[in-house]
Every structure is written in C-alpha cells, then in structure tokens.
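Chain by chain, the residues:
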Amino acid sequence: MTQTLQRRSLGRLVLAALPLAGGALFFVRPVHAADEAPDALVKRISTDVLDTIKADSSIKAGDVDKIMALVDAKIMPNVNFQRMTASAVGPSWRQATPEQQQRLQEEFKKLLVRTYAGALDQVSNQTVLVRPFRGSPDEKEVLVRTEVRGSNGDPVQLDYRLEKTPGQGGGWKVYNLNVLGVWLVDTYRSQFTQEISAKGIDGLIATLVERNSRNVKK
C-alpha cells in the first residue's frame, strides 16, 4: 500500500512537471531544434524542467503567475496546444467559433497549470530515463517512452506523443502525454464531452472558468 501511494504521489509530481500539466518544459529552444531527434528533445526538456524546478523556490511553492509566464515564454512554442485542446474537446471543436476555440485553449491551459501547481513542492531528486527509441526519423508522428525515477517507489511511466511540424520554427512538438498508462487528452475528453452534452460549448467554457477560479493559489 505504501509503495502504491508513493507511486501515485510521484505520478502527480510528474504531471506537475509536464508541458501541459503544471508548467514543465522550462527550456530554451536551441537554434537547430528542427533537426533534433524526438528522443533527444524529450531527454533534454525533461532534465531541464526538473533542474529548473529544483532551483526555483517560488516555482516549487506553486507561484501560478510565475509558472504561467514561463509556460507562455518557453513551453507553448514547443507544444501543439491547439491540437491538444481540440482533441480534448472532441467533435464539438469544429462547431466552435474562433473566439470560443481561443477561450477553450486559454482556460484549458489555466486548468492544467493551476491543477498541478501545488504538486511542485514534491520535486526533489527525480531523474528521467528515456527508453530506446524505436521510431524512424522520417515519421511524422512518434512515441517516446520514458520513466521518472525517484529514491522511493517504482518508476513512473511517462510517454510523449510528438508530431513533426514543417517550416520556420518547426520541429517536434508534443501533443499528448501518458502518465501511468493514462493519456492526458483522453481523460479530459470524457469530462468535456459530458459538459458539452449538458451545457454546450459556452457551458464548458463557463465550467472551466469556475474551476480555475477555485484553483487559484497565491
């Protein structure tokens, strides 16, 4: 039982260190990021985020404003957040107006950051192991598997789905995450589908706004 609780705690900590679940990928995009292999990208950003959290007491304390600023400046350029939000919303995304889509992205990002900000104080001596990459650099979408290891408990499975984006500023971008066998986007899709069925797109937006107001941490 103790080991299970430790593993769940580490799993929540991992979510706090994700690009979409608590403000993670705190790193500076390199000049040649478009040429960077997906597993090398994941290794670098995973190590950088843990090092950054360990070194910044205000982030560990859950300073939402600081986390959000870092997310906007350093994380969002490396994540296809529109695809992530659209997948979480499901088929109703196509019926949403551009204004509604923008609001959904904004509130979804706030939800992820605020939900897991409180877990950042658990970061201590965790390390990340990237498993051997079995994809091809010619593929457009790949899966990178990793494990987050701490001094106590079992390793936590953390898998990334990435897509290759062309053009200037292109490269690999994260669009989904799997923690302990659960895909983040799929989890939210089931919740959002229920809200939309009951209240519509505007009802989902209102629900996210209300949840975010409850999750404010100063």
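Conventions adopted
Residues numbered from 1 in each chain as written. Predicted model: local features only at pLDDT ≥ 70, side-chain atom pairs only at ≥ 80, totals over all residues. Heavy atoms only, no water. Helix = DSSP H or I, 4+ residues; strand = E, 2+ residues; numbered from the N terminus. Expected span 1.5 Å × (residues − 1). Bend = angle between axes of the 7 residues up to and from the residue. Buried < 20%, exposed > 50% of the residue type's maximum accessible area, 1.4 Å probe, protein only. Pairing = 2+ DSSP bridges. Contact = heavy atoms within 4.5 Å. Axes fitted to C-alpha atoms, helices over the stretch in contact; angles between N-to-C directions.

Draft legend 1. View of helix 7 (residues 184-214). Here helix 7 is 31 residues long, yet its end C-alpha atoms lie only 21 Å apart, well below the 45 Å a rise of 1.5 Å per residue gives. Approximately 120° is the largest bend angle found in helix 7, and it occurs at K199. Looking only at helix 7, the buried set comprises L184, V185, Y188, F192, I196, I201, G203, L204, I205, T207, L208 and N212.

Draft legend 2. Summary view of unusual backbone geometry. Despite not being glycine, L180 has its phi angle at roughly 55°, a positive value. Relative to the helices and strands, L180 resides in the loop between strand 4 (171-179) and strand 5 (182-183).

Draft legend 3. Structural detail: the sheet that holds strand 3 (residues 156-165). Spatially, 1-2-3-4-5 is the arrangement adopted by the five strands of the open sheet, whose pairing is antiparallel. Two strands lie at the open edges of the sheet, namely strand 1 (127-130) and strand 5, each paired on one side alone. As judged from the eight bridges shared by strand 3 and strand 4, these two strands associate in the antiparallel manner. When the bridges of strand 4 are listed, T165 appears paired with G171. Lying over the sheet, helix 2 (residues 38-55) contacts strand 1, strand 2 (141-149), strand 3 and strand 4, oriented at roughly 175° with respect to strand 1.

Draft legend 4. The pairing of strand 4, seen in detail. Counting buried residues along strand 4, nine of its nine residues qualify, which places the element largely inside the surrounding structure. Alignment of strand 4 against strand 5, held across two bridges, turns out to be antiparallel. By the bridge assignment, N178 is partnered in strand 5 with W183. Linking strand 4 to strand 5, which pair antiparallel, is a turn of two residues; within it L180 sits at a positive phi near 55°.

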